[in-house]
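Secondary and tertiary structure notes
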Amino acid sequence: NVVNVKISILIISFPNSLHPSIFSAMPAYKLYYFDIRGRGEVVRQVLALAGVEFEDIRLPRPSDGPQWAEFKSKTSFGQMPVLEIDGKQIPQAFAIVRFIASQHGLAGATPFEAAWVDAIADQWKDFHTEFSKYLFVKLGFREGNEDLLKAEHGFPSRDNFFPLIEQQLQETGSGFLVGDSVTWVDLLIAEAVQVIASAEPGFLDAFPEVLKHEQKIHSISRIKKWIESRPDQKR
Amino acid sequence: KLTYFDGRGRGEVARQLFHLSGVPFEDNRIPMAEWPAHKASMPFGKMPLLEVNGKPLPQSYAIFRYLAREFGFVGDSPFAAAWVDAVADQFKDYFDEIKSLLFVHFGFAQGDKEKMMKDVAIPARDKFFPMLEKIAKDNHNNGHFVGASLTWVDLLIAEHVSVLLKYMPGFLNDYPTVLSTVKKINSIPKLKEWIDKRPDSTF
């Protein structure tokens, strides 16, 4: 308990630094990402839901410190998130999430259900590639003509993607996207919905099951606790 | 039953997995002109679509991973399988950048090939292929991109590299380990057999 208290204090006082490895009680899992939700949030949520202890390493933006440049040279793909397990890295958010989820019953109850989890996630990725052209301007991360991008990318991508999710929820009837228990794609979609709905209230009002799903997923006790404890960020 | 266009494109890896495993399947090829009539019956409005005992599964990588798991081409440990997924997703990001030039080569779009080579293809290549070359080297140049046995990401990359060699010869001359890995993959007897007998297509 004394050791655990010391570790907690260090985590609070050095939020953006790497911890010394002399603390042998440190978790085996280290997640490296920027200090935003972004592509790392679903990884953090899957780890939290699975009850896996992990070091939530948040590196400052390149303009605010050298840590990312230093870490980048040690990665295979020069990107984050990266999960490090006893020193071995796994890159790419979905690869990481699937790896953790599969070991904790969060990847679908059968191989076919797992494939549908993957399919919905990849469909979201296609949506996000298009939608982010509008969203990142709306959130102020990029310059651009917000109204034009909304017309060219925001509305069309929303109207291609969310009817599929609405229908999927109607078909499963379980409140979950695949089968009758929570999977990692529930976390992925609920996170996206929260980001979009808070950036632009009303934008998803045509999709009542989608909005209900977000509420349901975010009231799962471990997810609720995580959301309450994480930094307050727009995305 | 696999439903896709009459070409290799985003369906070919699934066909290869069936042929490598010896599991029979219906190779349902839809002519371009008939595609609009089928689109509404696809869960996500796109192909490829896999049907397993009549139950549909969309999205190419979900299909590849499902078949690879069933047939034993997913990696020899959960950690290896995660790396197969990671390399595939990194490849997908690269492919999204270069596909606009490939579509011009395939005849699906108009474009200035030389300009696109300079503006689109070379930057995309120079971001991705050095990383892939190192991955192949770190894997002891053993003829696979991840682990010591054939996985679906080997097939994914080998198919794409074959397309590049056909339409853009010399494009990957700086990546000899990638090229030798692809050569070894394409010489696997059951795969070579399929490659030699499959229908021809531009894409």
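Here the structure is a predicted model, which is why all the values come from computation and not from measurement. (Residues numbered from 1 in each chain as written. Chains lettered and ligands numbered in written order. Predicted model: local features only at pLDDT ≥ 70, side-chain atom pairs only at ≥ 80, totals over all residues. Heavy atoms only, no water.)

All names here are of chain B. Of all ten residues in helix α1 (residues 12–21), eight are buried, a share of seventy percent or more. Taken together, the buried positions of α1 are occupied by Glu-12, Val-13, Ala-14, Arg-15, Gln-16, Leu-17, Phe-18 and Leu-20. Where the residues of α1 are buried, they touch β1 (2–5), β2 (27–30), β3 (49–52), α3 (60–71), α6 (152–167) and α8 (189–197). Just downstream of α1, Gly-22 is the residue with a positive phi angle, here 75 degrees. (Buried < 20%, exposed > 50% of the residue type's maximum accessible area, 1.4 Å probe, protein only. Helix = DSSP H or I, 4+ residues; strand = E, 2+ residues; numbered from the N terminus. Contact = heavy atoms within 4.5 Å.)

This part takes up the domain arrangement of chain A. Residues and elements named next belong to chain A. Domain annotation of chain A identifies domain 1 (29–103) and domain 2 (111–229). Inter-centroid distance (C-alpha atoms) of domain 1 to domain 2 is 21 Å. Across the contact, 18 residues belong to domain 1 and 17 residues belong to domain 2. In terms of surface lost to domain 2, no three residues of domain 1 exceed Gln-45, Leu-49 and Phe-94, which account for 43% of the buried area on that side. Counting the contacts that link domain 1 with domain 2 gives two salt bridges. With a closest N to O distance of 3.0 Å, Glu-191 and Arg-37 form a salt bridge. Joining domain 1 to domain 2, the criterion identifies five residue pairs in polar contact (both at pLDDT 80 or more). (Domains from an automatic or database assignment. Buried area = accessible area lost by both parts, 1.4 Å probe. Salt bridge = Lys/Arg side-chain N within 4 Å of Asp/Glu carboxyl O. Polar contact = N/O pair within 3.5 Å; in protein donor to acceptor, adjacent residues only side chain to side chain.)

Once that is clear, we can look at the sheet that holds strand β3 (residues 82–85) of chain A. All names here are of chain A. Spatially, four strands are ordered β2-β1-β3-β4 in an open sheet, and the strand pairing comes out mixed. Taken across any chain shown, the strands that pair with only one partner, and hence form the sheet edges, are β2 (54–59) and β4 (88–91). Ignoring which end each strand starts from, the neighbouring axes of this sheet average 20 degrees apart. Alignment of strand β1 (residues 29–34) against β2, held across six bridges, turns out to be parallel. (Pairing = 2+ DSSP bridges. Axes fitted to C-alpha atoms, helices over the stretch in contact; angles between N-to-C directions.)

So, about the nonpolar core. The biggest cluster of nonpolar side chains holds 138 residues, and the ones touching the most others in it are Phe-162 of chain A together with Ile-98, Phe-129 and Trp-152 of chain B. The dominant element in this core, judged by the number of residues it contributes, is helix α4 (residues 78–106) of chain B, at 15 residues. In terms of domain composition, this core takes at least three residues from each of domain 1 (29–103) and domain 2 (111–229) of chain A. Look past the residues within four positions of Phe-162 of chain A in its chain and what remains in contact with it is Phe-127, Val-193, Ile-196, Leu-204, Phe-207 and Val-210 of chain A. (Core = buried A, V, L, I, M, F, W, Y, C linked by side-chain atoms within 4.5 Å.)

Bringing the interface of chain A and chain B into the picture now. Residue-level contacts link 26 residues of chain A with 27 residues of chain B. Roughly 2,600 Å² is buried in total at the junction of chain A and chain B, and carbon and sulfur atoms are behind 63% of that figure. It is Phe-77, Phe-112 and Trp-116 of chain A in chain A that bury the most area against chain B; as a group they hold 25% of the surface buried on that side. Between Asp-118 of chain A and Arg-65 of chain B there is a salt bridge; the shortest N-O distance is 2.8 Å. In this assembly, chain A and chain B are joined by eleven residue pairs in polar contact (both at pLDDT 80 or more). Among the secondary structure elements, those contributing two or more residues to the side of chain A that touches chain B are β4, α4 (93–103) and α5 (111–138) of chain A. Of the residues forming the side of chain A that touches chain B, the biggest block, twelve residues, is contributed by α5 of chain A.

Between Met-80 of chain A and the following residue, Pro-81 of chain A, the backbone shows a cis peptide bond with an omega angle of 10 degrees. The topology assignment puts Pro-81 of chain A in the loop between α3 (67–72) and β3. Each neighbour pair has its own omega, and for Met-47 of chain B with Pro-48 of chain B the value is 5 degrees, a cis peptide bond. The topology assignment puts Pro-48 of chain B in the loop between α2 (35–39) and β3. Its identity is not glycine, yet Asp-86 of chain A carries a phi of approximately 45 degrees, on the positive side. For Asp-86 of chain A, the position within the fold is in the loop between β3 and β4. The backbone phi angle of His-140 of chain B is positive, close to 65 degrees, even though this residue is not glycine. Turning to its location among the elements, His-140 of chain B is positioned in the loop between α5 (113–138) and α6.

Quick look at the sheet that holds β3 of chain B now. All names here are of chain B. Read across the sheet, four strands follow the order β2-β1-β3-β4 without closing on themselves; strand pairing throughout is mixed. Both edges of this open sheet fall to β2 and β4 (55–58), since each of them pairs with a single strand only. Here the strands of the sheet are splayed against their neighbours by 25 degrees on average, with no regard to which way each runs. One ladder, built from two bridges, connects β1 with β3; its direction is antiparallel. Paired with Leu-2 across the two strands is Leu-50, which belongs to β3. Sitting on the sheet, α1 is in contact with β1, β2 and β3, with an inclination near 140 degrees to β1.

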